[in-house]
Amino acid sequence: MRFQFLGTAAAEGWPAVFCNCRVCKEAARLGGPNIRTRSQSLINEDLLIDLPPDTYMHKLKEGLDLSKVRYLLITHKHMDHFYPQELTVRGWAYSHDMVSEDLEIYCAEETRDYFTLVSGWELEQESAVHLHWHILHPFETVQAGPYRITPLPASHMQPGNEPFVYHIVDEEGKSVLYLHDSGYYKDEVWEYFEKTAKTSGPVSMVSIDSTSGDRETNHGGHMGFSEVFRVKKRMEELGIIGPDTLCVLNHFSHNGHYLYEEMVEIASRENCLISYDGKVLEL
Ligand SMILES: [Zn+2]
Ligand SMILES: [Zn+2]
Ligand SMILES: [Zn+2]
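Cut-offs used in this document
Residues numbered from 1 in each chain as written. Chains lettered and ligands numbered in written order. Predicted model: local features only at pLDDT ≥ 70, side-chain atom pairs only at ≥ 80, totals over all residues. Helix = DSSP H or I, 4+ residues; strand = E, 2+ residues; numbered from the N terminus. Rg over C-alpha atoms; globule rule 2.2 N^0.38 Å. Contact = placed C-beta atoms within 7 Å. Buried ≥ 20, exposed ≤ 12 C-beta atoms within 10 Å, placed from the backbone. Pairing = 2+ DSSP bridges. Core = buried A, V, L, I, M, F, W, Y, C linked by C-beta atoms within 7 Å. Axes fitted to C-alpha atoms, helices over the stretch in contact; angles between N-to-C directions.

A.B. asks: Can you walk me through the overall build of the chain in this structure?
C.D. replies: For the chain, the helix and strand inventory stands at seven helices and 14 strands. Whereas a compact globule of 283 residues would reach a radius of gyration of roughly 19 Å, the chain reaches 18 Å, a difference of no more than 12%. In terms of overall dimensions, the chain has a C-alpha envelope of 50 × 50 × 35 Å along the principal axes. Considering only contacts in the chain between residues 6 or more positions apart, those separated by 24 or more positions represent 73%.

Following this line, the structure appears as structure tokens:
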């Protein structure tokens, strides 16, 4: 499995769109892995996780053929993960010679409804017929082509919303826990980790929300580094993280303060990797 981080920032990007704080200025000065766009990842060439407003930039920067994406997985409807209008230019007169005309979209019902609300009026029927929506429910596994996907309820957003994190397994048994955006996991998610570890062993990679950086507390359903390391320890105890599991910290905000080199130093002591835009991992 080829896993690529395309965008690794929280909602405002880093440097943030309208910000002049110290770490935004420093990130702009240093450049490289300190420049972070909105959250998105790609598995192989056909499974895209989230559709943020920076999707087009990711296509340009990484030279992607997004018409190869057959499966789109959406975590939740926050704008750094889902910019619905982008789908109105998929197909019809807007996209020629596509590799896959059809797109299978997996998300919560509220995410699909949000798409209809925001983009329904703009969507041509010729494009709409190629968008196939699959409504997900917590812990109900679905098969998306070669991928087995289980949505898990995230600790994120107000009650009444249904954000998901995901457990994704390919045909060779390579597996990813993609845990954005979420604060400390719910009891039933920990139970799922325990059960999965017992039946299938450790996952190949885990990507953990680390938005709050140097802050201890949970700010709006995210985690700081110290909480991330406590979560990692508990996951190791359950066996869902094993000695060969790649543990990646991802989804960063200027409000977490750590710049890239600082993050790498802290994370390496805990045997973790730090994501950056464009980073590729072969699992
Ligand atoms: Zn986010
Ligand atoms: Zn800032
Ligand atoms: Zn969010």
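So much for the structure itself; the text now carries on.
A.B. asks: Help me out: how do you make sense of the pairing of strand β5 (residues 103-107) in this one?
C.D. replies: Along any regular strand, the residues point their side chains to alternate faces of the sheet. The element β5 is extensively covered by neighbouring structure, given that five of its five residues are classed as buried. Taken together, the three bridges between strand β4 (residues 71-73) and β5 define a ladder with parallel strand orientation. What sits directly across from L73, in β5, is Y106. Pairing between β5 and strand β6 (residues 131-135): five bridges, direction parallel. The residue bridging Y106 from the neighbouring strand is H134, located in β6.

A.B. asks: In this structure, what is going on with the nonpolar core? I would like to understand it.
C.D. replies: Side chains of nonpolar character tend, in soluble globular proteins, to be buried together. If you look at the biggest cluster of nonpolar residues, it comprises 60 residues, and the most contacted ones within it are L72, L73, Y166, I168, Y178, V206 and L249. The contacts of Y178, once residues within four sequence positions are left out, are S41, I49, V165, Y166, I168 and S207. One finds A9, V23, A27 and F252 within the second-largest nonpolar core, a separate group that totals six residues.

A.B. asks: How should I be thinking about the sheet that holds strand β14 (residues 280-282) in this particular structure?
C.D. replies: Here we have seven strands laid out as an open sheet, ordered β6-β5-β4-β3-β2-β1-β14, and mixed in their pairing. Across the chains shown, the open sheet's two edge strands, defined by having one partner strand only, are β6 and β14. Strand-to-strand twist in this sheet, taken as the mean axis angle between neighbours without regard to direction, amounts to 20°. For strand β1 (residues 2-7) and β14, the ladder comprises three bridges, and the chain directions are antiparallel. From the neighbouring strand, F3 faces β14, where its bridge partner is L281.

A.B. asks: Which parts of the structure should I look at to understand the sheet that holds strand β13 (residues 273-274)?
C.D. replies: Consider a sheet: its strands pair through backbone hydrogen bonds, and that pairing is either parallel or antiparallel. Spatially, β7-β8-β9-β10-β11-β12-β13 is the arrangement adopted by the seven strands of the open sheet, whose pairing is mixed. Each edge of the sheet is formed by a strand with only one pairing partner; in this case those strands are β7 (142-144) and β13.

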